[in-house]
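Each chain is listed here by its residues.
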Amino acid sequence: MSQEPPFTVDLTTCDREPIHIPGSIQPHGVLFALSEPDLTIIQASANIAGFLGRQPQELLGQPLSTLLAAEPLAYLRDCLASAEVDENPLYTLTLAIGSPEQRFDVIAHRMGGMLILELEPSTQSDHAVALRVYRMVKSAVTACQHTSSVREFAQTLAGSVRKLTAFDRVMVYQFQPDGTGVVIAEDVRADLESYLDLRYPASDIPQQARALYLRNWLRLIPDVAYQPAPMLAIDPVHSSIPLDMSFASLRSVSPIHIEYLGNMGATASMSISLIKNDQLWGLVACHHHSGPHYLPYDVRAACEFLGHMVSLQIGEKEAAEDAAYTIALQGVQAELVQHMSVANDVLAGLTRFTPNLLEFIEAGGVAVCLEDQCMLLGATPPEPVVRQLADWLSQEVPDSLFATSALPQQYPEIAPFRATASGLLAVRLARARPNYLLWFRPEVVQTVSWGGNPEKPVEVLAGEARMSPRKSFAVWKETVTQTALPWRSCEVAAARDLRRAIIDLVLYKVDELSRLNDELTRSNIELDSFAYVASHDLKEPLRGLHNYAHFLIEDYGDQIDDAGKDKLATLVRLTQRMEALIDSLLHYSRVGRAELTWVEVDLNVELADVVALLEPRLRESGVELRIPRPLPRVRADQARVREIFSNLITNAIKYNDKPQKWVEIGYERIPGVEDAEGAAAYVFSVRDNGIGVPEEHQETIFRIFKRLHGRDEYGGGVGAGLTIVKKIVERHGGTIWLTSQPGEGATFWFTLAGVDAGRQVFGRSVPAPKAER
């Protein structure tokens, strides 16, 4: 019975294994490390004698000229001077070395201040064979170009590499976002078990190895059962400095990886890196199962070239696979942006038209969370759960975009709703607030086939804390729950593009509104100036008409018949009315032009003054004035506030036909809202039981000279009082509106001092007019 080791051992320990400085090489070639420029041999592999007939001790500390004749040495120096070999292995030449002479392929590169030469016995093909290899590589590149999907591309690549290399098994292994790998294509000897669609844990290829795959495109192990040849150094000082062999093709392999290959039944292997956007996308993994399998340098170079060429096609194949869907997404996005622009409302544009947000990206349901609104479409969690999710995203996810196919693993509170929300794609519309577009995908129960049990990546032998990769690679199946179909890269890109379009649209609308406001402000100033000048200049000739009409009546009354007298009396009345209109216009323009004097105002004092002035009218009309509680103190213009109350109370007195009339002055504190000075904010009301105002006229009555009744009904007037009140309220930064039922009375509501939140807070009991809801 095995004993558990005193600490946890797993394949992630490989991340710390220094596989780039193994201190030995594979024995199918020899390796020298030389100093420059004298090309003195500082380190050499211990297997030199078997290839060159010289002992390592004979060559250590000697110049390379001890081994090479003058002509090939000069050629080598020319190659090193003219080519970039820093961290870049380069085939330089084929040399005849040793006694008896043997031809070697020489591969050179610089690393860590040393020149590294690798010599492998040359098996360079003749011209006809080299031409055949070239044609095979060209054919492979062309065939891969003509594929229409990633899977077809990978299968074509696997077949081409197997045909070129004659390995028993060639797989295309693609890395997943979670680090695991999946065999997406395979070309295999008929009698061998297929590994197609098997998944392998991330620990099978540790981080150190992945980093080397990025730096070194091709890796060959011609004999898994090789005995490593150690590196020997010129002296103990150089022995203590490990030689970095990151780019050496002969670099010895981790014993754990050798054991891993042995457990899979492989006797030789080769890998070709597939790199997309400087990231390791996958590998072409080649295994042999019938003894050692050596590839000459020209075939390996052809495989590496093929790896470079097909890597350039990966992004194109993935994009082509998504092309039709991407075009459809762009079309729907254009329509959504048009809807938002026409509706002048993001929420309405995304949810009220066809197509809507649910028809944009493939999802079971969507949610639009904007300010205090939350609109749900399709199959989603309940609104309170969605709001809590939006709050969690705003607090825990700093990025503007978040995508997961396993939301319950990251946000356990959603687990009870995994049937509709196992997958989430979220885009944030505002950095300071939890405003989100959310797409939900339902749970999809999956069966994943692993190449061996991923929970047992290592074996512990006899209780020893020695790593040994698992021995069984039999298919191991796992049922995965609380996951959804993954989000495709084109879907994530489409969500990001929609976010950008919404932000651009909002910014455009803000700029447009700012421009219109500027124009409106300028127009209002010009209009106020014109009204002031016009009304002032019109008064003089109007006064002349009025006076001359009086003179005619007084001086020539006995000479004018009754019809003439009536016409002159009508002229007097018209001039009086015209003067009243001009006075109102002049007053309105002064309200818009005059600077406000901001002071702390006791509204009780101001209201008392207004009531004192209106006392005769109140008594004559029989109106009861109600003030249930004292009014608060506010910062405002004292005279203008008095005018607000005077006009509103006068209107309430005038438009009342009840036998028992009353007017009530009140206010409410707006919870959680402060004015521009940080003081408490209020909404004030003037309520009556008069004739009321029909809903369709509740905006009209605020327009200047607009009356709902005949000129002489309800005491007459010019129709400017409410317009002046609205101007005064707006000059204070507030809002005025009314609620009314015809025949039951009206209530005018207004706020002051930069407060416009009254409608939202009192929305149910104090609805706004239609156009402003």
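Right above here is the structure, for reference.
These remarks concern the structure in this document. The shown structure was predicted, so the numbers you read here are calculated from the model rather than taken from an experiment.

Conventions used here
Residues numbered from 1 in each chain as written. Predicted model: local features only at pLDDT ≥ 70, side-chain atom pairs only at ≥ 80, totals over all residues. Heavy atoms only, no water. Pairing = 2+ DSSP bridges. Helix = DSSP H or I, 4+ residues; strand = E, 2+ residues; numbered from the N terminus. Axes fitted to C-alpha atoms, helices over the stretch in contact; angles between N-to-C directions. Contact = heavy atoms within 4.5 Å. Expected span 1.5 Å × (residues − 1). Buried < 20%, exposed > 50% of the residue type's maximum accessible area, 1.4 Å probe, protein only. Phe/Tyr/Trp six-rings, centres within 6.5 Å; stacked < 30°, edge-to-face > 60°. Lys NZ or Arg CZ within 6 Å of the ring centre and 35° of its normal. Parallel < 35°, antiparallel > 145°, perpendicular 65-115°, else oblique. Left-handed = near helix turned anticlockwise from the far one by under 90°. Nonpolar A, V, L, I, M, F, W, Y, C, P; charged D, E, K, R; others polar. Core = buried A, V, L, I, M, F, W, Y, C linked by side-chain atoms within 4.5 Å. Salt bridge = Lys/Arg side-chain N within 4 Å of Asp/Glu carboxyl O.

### Notes on the sheet that holds strand β15 (residues 373-378)
Point 1. As summarised here, the arrangement of the five strands in space is β15-β14-β18-β17-β16, forming an open sheet in which the pairing is antiparallel. Across the chains shown, the open sheet's two edge strands, defined by having one partner strand only, are β15 and β16 (401-404). Sheet twist, expressed as the mean angle between neighbouring strand axes with direction ignored, is 10°.
Point 2. On top of the sheet, helix α11 (residues 383-396) reaches β14 (365-370), β15, β16, β17 (423-430) and β18 (435-441); it is set at about 115° to β18, its chief contact.

### Quick word on unusual backbone geometry
Point 1. Note the cis peptide between E36 and P37, where omega equals 10°.
Point 2. Within the element layout of this structure, P37 appears in the loop between β2 (30-35) and β3 (40-45).
Point 3. Residue P355 is bonded to the preceding T354 through a cis peptide linkage, with omega at 0°.
Point 4. Residue placement: P355 occurs in the loop between α10 (346-351) and β14.
Point 5. Backbone geometry places N277, a non-glycine residue, at a positive phi of 55°.
Point 6. Within the fold, N277 resides in the loop between β12 (268-276) and β13 (279-288).
Point 7. In this structure, N344 is a non-glycine residue whose phi angle is positive, near 55°.

### Notes on helix α5 (residues 150-165)
Point 1. With 16 residues, α5 should reach 22 Å at 1.5 Å per residue; the first-to-last C-alpha distance of 22 Å fits that figure.
Point 2. Inspection of α5 places V150, F153, A154, L157, A158, S160, V161, L164 and T165 among the buried residues, and these make up the whole buried set.
Point 3. Directly beyond the C-terminal end of α5, a positive phi value near 65° is found at A166.

### As for the pairing of strand β6 (residues 114-121)
Point 1. With eight of its eight residues buried, β6 lies for the most part within the structure.
Point 2. Along β6, one buried face is formed by M114, I116, E118 and E120 and the opposite face, lined by L115, L117, L119 and P121, is buried too.
Point 3. In terms of strand pairing, strand β5 (residues 102-111) meets β6 through eight bridges, oriented antiparallel. Note that in β6 the partner of A108 across the bridge is L117.

### Some remarks on the packing of aromatic side chains
Point 1. Enumeration over the complete set of coordinates arrives at eleven aromatic pairs.
Point 2. Measuring from ring centre to ring centre gives 5.9 Å for F645 and F750, while their planes differ by 70°; the resulting arrangement is edge-to-face. With a gap of 105 residues between them, F645 in helix α17 (residues 638-654) and F750 in strand β29 (residues 745-751) connect regions that are remote in the sequence. Across the pair, exposure class does not vary: F645 and F750 are buried alike.
Point 3. Cluster of aromatic residues (ring-pair linked, three or more members): F645, Y667, Y682, F684 and F750.
Point 4. The aromatic ring of W487 is capped on one face by R441, whose charged end is 3.9 Å from the ring centroid.
Point 5. A cation over a ring is seen here: R629 above Y667, with NZ or CZ 3.9 Å from the ring centre.

### Section: the packing of helix α16 (residues 603-621) against α17
Point 1. Close contact between α16 and α17 brings their axes to 9 Å; oriented N to C, the two are set at 25°. Considering the angle they form, α16 stands roughly parallel to α17. The chirality of how α16 crosses α17 is right-handed. Side by side, α16 and α17 meet where L603, E606, L607, D609, V610, L614, R617, L618 and S621 of the first sit next to Q638, V641, R642, F645, S646, I649, T650, I653 and K654 of the second.
Point 2. Per-class residue counts for the contact of α16 with α17 are nine nonpolar, four polar and five charged.

### Some details on the nonpolar core
Point 1. In terms of nonpolar packing, the biggest core is built from 38 residues, with F645 and F750 touching the most fellow members.
Point 2. Elements supplying a minimum of two residues to this core: α16, β25 (633-637), α17, β26 (661-674), β27 (680-688), α18 (721-731), β28 (736-741) and β29.
Point 3. Ranked by the residues each element gives to this core, the list is headed by α17, at seven residues.
Point 4. Dropping the residues within four chain positions of it, F750 is found in contact with I644, F645, L648, Y682, V683, F684, V729, T735 and I736.
Point 5. One finds V182, V299, A302 and V310 within the second-largest nonpolar core, a separate group that totals 35 residues.

### Re the side chain of N216
Point 1. For N216, the position within the fold is in the loop between α6 (207-215) and β10 (218-221).
Point 2. Once you skip the residues sitting within four places of it in the chain, N216 turns out to touch S246, F247, A248 and S273.

### Let's talk about the pattern of salt bridges
If charged atoms from side chains of opposite charge come close, those side chains can pair.
Point 1. Per the counting criterion, the structure on display carries 22 salt bridges.
Point 2. One salt bridge in this structure joins E186 and R169, with 2.7 Å as the shortest N-O distance. Of this pair, E186 sits in strand β8 (residues 181-188) while R169 sits in strand β7 (residues 169-175), and the two are 17 residues apart along the sequence. You'll find E186 and R169 in the same group, each marked buried.
Point 3. Residue E443 pairs with R418 through a salt bridge whose shortest N-O separation is 3.6 Å.

### Let's talk about the environment of G23
Point 1. With respect to the element layout, G23 can be found in the segment before β1 (24-25).
Point 2. Taking relative accessible area as the criterion, G23 reaches 38% and is therefore assigned partly exposed.
Point 3. C-alpha of G23 to C-alpha of R251: the two residues are 228 residues apart in sequence and 8.5 Å apart in space.
Point 4. Not counting the four nearest positions on each side in its chain, G23 is found in contact with P230, M231 and M245.

### Some words on the environment of V182
Point 1. Tracing the sequence through the fold places V182 in strand β8.
Point 2. A relative accessible area of 10% means that V182 is categorised as buried.
Point 3. In the structure, V182 is positioned 16 residues away from L198 in sequence and 5.7 Å away in space, judged by C-alpha atoms.
Point 4. Not counting residues up to four positions away in its chain, the partners in contact with V182 are V172, Y173, Q174, Q176, D197, L198 and R199.

### A short note on the environment of L393
Point 1. Structurally, the position occupied by L393 is in helix α11.
Point 2. Sequence-wise, L393 and P434 are 41 residues apart; in three dimensions their C-alpha atoms are separated by 7.7 Å.
Point 3. Apart from residues no more than four positions distant in its own chain, L393 is found in contact with F402, L424, A426, R428, Y436 and L438.

### So, the packing of α5 against helix α9 (residues 297-343)
Point 1. Axis separation between α5 and α9 bottoms out at 10 Å; the angle between their running directions is 170°. Looking at the two axes, α5 sits roughly antiparallel to α9. Residues V150, R151, F153, L157, V161, L164 and T165 of α5 lie in contact with α9, whose contacting residues are V299, A302, C303, L306, V310, Q313, I314, K317, E318 and E321.
Point 2. Here the residues of the contact of α5 with α9 sort into eleven nonpolar, two polar and four charged.

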